[in-house]
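The chain contents come next:
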Amino acid sequence: MPQLEGGRGGGNPGGGGGGGGIKPSGHAASFGLITSTGGIAGFIGLLMFPVLLSNGSSQFSTFDIDNFDTEEDCHYESRQEDVAIGRNVTVHKVLVVYKNLGVANFTVDVEAFVREDNGRSEGSFVRNKLGPIKMKIGSKKADNKIRTKFAYINVVGERPQVIIDRQKNSGPLCIISATPVGTMVEGEQL
Amino acid sequence: MAQQGYFEQTYQGPWKGIDVSMPPNKIGEQNTPNASNWIPRAGELRSRPRYGVLIDGPPDGSFINGHTAFIDSNNVAHTCAITNTGLWQLNAKWRKNPANSWNLIQRFPGNNFPAPNNPASSQIFIDKLFFTLGDVNLWQWDGITPSGKNPKPALQSIAVYDVTNNLTAGGLFLGELDSHLLLLNTTEQVQAAPGQPKLPTNFQQRIRWCVSGEPVFNVVTGTGGWDPTRDIGAGFDDLFDTPDAITGFITIGRTGFIFRVNGITELIPISQGLLPFDFDHLWASDRGIGSVFPFSIVNYGPIGMFISNDDIYQISISGFQKVGGKARNAIFEDLDQAVFAPIASMFPTFRFKYPYLTYLLAIPFANNKTKLWCYFVEDECWFPWGTINGYITGKIRVVPTI
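This write-up is about the structure you can find in this document. (Residues numbered from 1 in each chain as written. Chains lettered and ligands numbered in written order. Predicted model: local features only at pLDDT ≥ 70, side-chain atom pairs only at ≥ 80, totals over all residues. Heavy atoms only, no water.)

### Focus: the side chain of Glu 188 of chain B
All names here are of chain B. Note the following rule: Elements are defined by DSSP. Helices are runs of H or I of four residues or more, strands are runs of E of two residues or more, and each kind is numbered from the N terminus. Three exposure classes are used, based on accessible area relative to the maximum for each residue type with a 1.4 Å probe and protein chains only: buried under 20%, partly exposed in between, and exposed over 50%. Polar contact is the term for a pair of N or O atoms within 3.5 Å; when the atoms are in protein, one must be able to donate a hydrogen and the other to accept it, and sequence-neighboring residues count only if both atoms are side-chain atoms.
Looking at where Glu 188 falls in the secondary structure, it is placed in strand 19 (residues 180–191). Classification of Glu 188 by relative accessible area gives buried; the value is 1%. Looking at Glu 188, its side chain comes within polar contact range of the side chain of Thr 186, at 3.0 Å.

Below is the structure:
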């Protein structure tokens, strides 16, 4: 572990940009392509950046790569799926494949458009009648293995769209895939 | 006769981020019309790394302009914070004693305190730290002084462009090319006549360079430094061919790129003596691809990125490429709300074990909030990372000595 201050670094600092010096490699290289950015060499490090707070004080902040329990809400919408243009489809479940990074809570929902043909309104957007499906996944001992869960839903309308929401501090969420499944009526021309 | 059909549609990686270039029912299955706070590395859609405080600021509560790390000629590592009051160094035992994380190296002397609140522009050159804040100083610290054998002050303003009258220069941007340190968009002490007050004057179109490999004037030999009347290796140029201001500087390979609001100028080393550079304006008109935001220009290795009027560009050895792509419209809507110049950073890794080249754009909103946008170079996609409380005031860097 390189010492931060007052210690001795480990030999030649080269290997980064051109400003710090380049350690010759064993194989041929084109020196015309060596960058001249004054970069800093090093093997381990920490991401940090200065932030000015509302009270006038300053701090160095970071994004902690050992902790994916985001302190803010996470939100994801899939595209609106044109399963059959102008026709209603029924989404009755969403298959979620995830990786176990630890206990996490999130919700799955589907939003679709219901057309109003009598000219009285612009139509409406509907979601699962019983509300978004709450999902609890993972285990305290994260094994990083991939698992599957179903979210059972009942949404009927056009252009269904999967919506995944994770509230802040609800655990580390890792989605591998999400698959809405349903049926549609194949009828005559519109 | 109507028949019941079955459908399923899988959304999976590689996740391609925000797409607002088409209606939400016309975009690709790997894209999203609306999302926040995800990192799509290795085909996984993960909630982004947790944001939090790492180290408190210096004890005097000063404004932090930036930070960097370097190894001095004695092979000692230093992690430094540059504030508007001076230069600070991180203690080796900061984790055990967080209340005393920072030691003051030196306050800016005389009338240079406090310094402007611009993001610090720094270079590590010949085992020394050089940085500038947009005032009339280019500061140097060698990591060794002051010491028992060398009682010189730690910080020295070394860009003396007029040795006879002791006039100094600084700049908004600092670069290095072909062993010349470069100051761009300079601010210089200007004196009407010897003995008159030295007034700081900004030259938005000026670039100054020092003698190759010798950024400090040697009073014994009379060589080196920034004064072209003392050493022909130093010099300056005003880019009067192009009618706008310098907004940044990067180097790729052996070529420097001087960014202006409405164009880009290539800086090509051609000699070590008089006229060491050739200036080639890629666009010399009053309208063209340049960088609108002065602190949005960044690079890492062979890749640079900047924000122009019409898109976000990636610059490399092979040329220019538009990378704002499908998220461009959403990003520019946020840029339109910026209350001052946004700051962009490019970093190769969040930590050594997590390499993922990222361009992070911090857009300052009203009410002390900053909206973050991330471009992940490997996956060529954009994801917004919500907002944080506060304003990012310097570049995001991976500090390798911690």
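### Some details on the pairing of strand 25 (residues 277–281) of chain B
Residue and element names in this part refer to chain B. In plain terms, the rule: In this description, strands pair whenever DSSP reports at least two bridges between them.
Covered by surrounding structure in strand 25 are Phe 277, Phe 279 and His 281 only, the residues Asp 278 and Asp 280 on the alternate face being uncovered. Strand direction decides the pairing type here: strand 24 (residues 263–269) and strand 25, joined by five bridges, are antiparallel. Counted as the bridge partner of Leu 267 is Phe 279 from strand 25.

### Quick word on the sheet that holds strand 33 (residues 381–389) of chain B
Residue and element names in this part refer to chain B. Using the following cut-off: The axes are straight lines fitted to the C-alpha atoms, using for helices just the contacting stretch, and the angles between their N-to-C directions are given from 0 to 180°. By definition, residues are in contact when any of their heavy atoms lie within 4.5 Å.
With antiparallel pairing, four strands are arranged side by side in an open sheet as 30-31-32-33. Looking at the sheet topology across the chains shown, the edges are occupied by strand 30 (343–349) and strand 33. The sheet shows a mean angle of 20° between the axes of neighbouring strands, direction not considered. Its contacts with the sheet place helix 1 (residues 328–335) against strand 31 (355–365), strand 32 (369–376) and strand 33, and it is angled at close to 40° to strand 31.

### A word on the environment of Arg 46 of chain B
Checked against the element boundaries, Arg 46 of chain B lands in strand 7 (residues 45–47). Filtering out sequence-adjacent residues up to four positions away, Arg 46 of chain B remains in contact with Phe 68, Lys 99, Leu 101, Leu 173 and Cys 174 of chain A together with Asn 37, Trp 38 and Ile 39 of chain B. At 2.8 Å, the side chain of Arg 46 of chain B forms a polar contact with the side chain of Glu 44 of chain B.

### Points about the packing of aromatic side chains
Given two aromatic rings, their pairing is described by the distance between the two centres and the angle made by the two planes. Rule in force here: Centres within 6.5 Å make a pair out of two Phe, Tyr or Trp rings, where for Trp the six-membered ring is used; the pair is then stacked when the planes are under 30 degrees apart, edge-to-face when over 60, and tilted otherwise. Only lysine NZ and arginine CZ atoms are considered, and such an atom sits over a ring when it is within 6 Å of the ring centre and within 35 degrees of the ring normal.
The final tally for this structure, using the stated rule, is 29 aromatic pairs over all chains. Pairing Phe 108 of chain B with Phe 131 of chain B gives two aromatic rings, centres 6.3 Å apart and planes at 55°, and the pair type is tilted. With Phe 108 of chain B in the loop between strand 12 (102–107) and strand 13 (121–125) and Phe 131 of chain B in strand 14 (residues 128–132), this residue pair connects regions lying 23 residues apart in the sequence. Each member of the pair Phe 108 of chain B and Phe 131 of chain B is classed as buried. What links up through ring pairs into an aromatic cluster is the set Phe 49, Phe 63 and Phe 68 of chain A together with Tyr 51, Phe 347, Phe 350, Tyr 354, Tyr 356, Phe 376 and Trp 385 of chain B. Lying across the ring of Tyr 354 of chain B, Arg 41 of chain B places its NZ or CZ 3.9 Å from the centre. Positioned above the aromatic ring of Phe 68 of chain A, the side-chain terminus of Arg 46 of chain B is 4.7 Å from the ring centre.

### With respect to the layout of surface pockets
Residues and elements named next belong to chain B. So the rule is basically this: Buriedness for pockets is judged along seven lines, at least five of which must meet protein on both sides within 12 Å for an open set on the 1 Å grid over protein atoms alone, while cavities are sets there where a 1.4 Å probe fits but cannot get out, and lining residues have an atom within 4 Å of a point. Grid points are joined across faces, edges and corners, and a volume is the space filled by probe spheres set on the points. Asp, Glu, Lys and Arg are counted as charged, while Ala, Val, Leu, Ile, Met, Phe, Trp, Tyr, Cys and Pro are counted as nonpolar; the rest, among them Gly, fall into the polar class.
Reported here for the second largest pocket is a volume of approximately 510 Å³. In terms of lining, the second largest pocket is formed by 20 residues, of which the most central are Asn 137, Ser 157, Asn 166, Thr 168 and Gln 189. Along the lines of polarity and charge, the residues of the lining of the second largest pocket split into nine nonpolar, nine polar and two charged.

### Describing the interface of chain A and chain B
Our working definition: Take the accessible area each of two parts loses on contact, using a 1.4 Å probe, and add the two losses: that sum is the buried area. For this analysis, a salt bridge means a side-chain nitrogen from Lys or Arg found within 4 Å of a carboxyl oxygen belonging to Asp or Glu.
Residue-level contacts link 89 residues of chain A with 111 residues of chain B. In total, chain A and chain B occlude about 8,600 Å² of area from one another, counting both sides; carbon and sulfur atoms represent 56% of this. Put simply, chain A and chain B have nine salt bridges between them. Two residues, Lys 99 of chain A and Glu 44 of chain B, come together in a salt bridge whose shortest N-O distance is 2.4 Å. At the surface where chain A touches chain B, the tally comes to 39 residue pairs in polar contact (both at pLDDT 80 or more).

### Notes on the pairing of strand 22 (residues 246–252) of chain B
Residues in a regular strand point their side chains to alternate faces of the sheet. Residues and elements named next belong to chain B. Of all seven residues in strand 22, seven are buried, a share of seventy percent or more. Relative to strand 23 (residues 255–260), strand 22 runs antiparallel, the two being bridged by six bridges. Within the sheet, the bridge partner assigned to Thr 251 lies in strand 23 and is Gly 256. Hairpin geometry of strand 22 and strand 23 is characterised by an intervening segment of two residues between the two adjacent antiparallel strands and by a positive phi of about 65° at Gly 253.

### Observations regarding the sheet that holds strand 10 (residues 77–83) of chain B
Residues and elements named next belong to chain B. Here we have four strands laid out as an open sheet, ordered 9-10-11-12, and antiparallel in their pairing. Looking at which strands have only one partner, the edges of the open sheet turn out to be strand 9 (64–71) and strand 12. Between one strand and the next, the sheet's axes are offset by a mean angle of 25°, whatever the strand orientation. Sheet topology places strand 10 next to strand 11 (residues 86–90); three bridges connect them, and they run antiparallel. Bridged to Ala 81 within strand 11 is Trp 88.

### Remarks on the state of the cysteines
Residues and elements named next belong to chain A. We count it as follows: Working definition: a disulfide is two cysteine sulfur atoms within 2.5 Å of each other.
Counting across every chain of the model gives zero disulfides over all chains. Free cysteine: Cys 174, not disulfide-bonded; nearest cysteine sulfur from Cys 74 at 12 Å. Accessibility expressed as a relative area gives 0% for Cys 174, which makes it buried.

### Topic: the pattern of salt bridges
When the charged atoms of two side chains with opposite charge come close together, those side chains can pair. In total, this model carries 24 salt bridges over all chains according to the counting rule given. Measuring nitrogen to oxygen at the nearest pair gives 2.7 Å for the salt bridge that ties Arg 48 of chain B to Glu 71 of chain A. A residue pair is termed interchain when its members come from two chains, as with Arg 48 of chain B in the loop between strand 7 and strand 8 (50–56) and Glu 71 of chain A in the loop between strand 2 (58–64) and strand 3 (74–77). We note that Arg 48 of chain B, like Glu 71 of chain A, is buried. The closest approach of N and O atoms between Asp 310 of chain B and Lys 322 of chain B, which form a salt bridge, is 3.5 Å. A residue pair is termed long-range when its members are at least 10 positions apart, and Asp 310 of chain B in the loop between strand 27 (303–307) and strand 28 (312–316) and Lys 322 of chain B in strand 29 (residues 319–322) qualify at 12 residues. Each member of the salt-bridge network shares a partner with another, and the members are Asp 64 and Asp 66 of chain A together with Arg 351 and Lys 353 of chain B.

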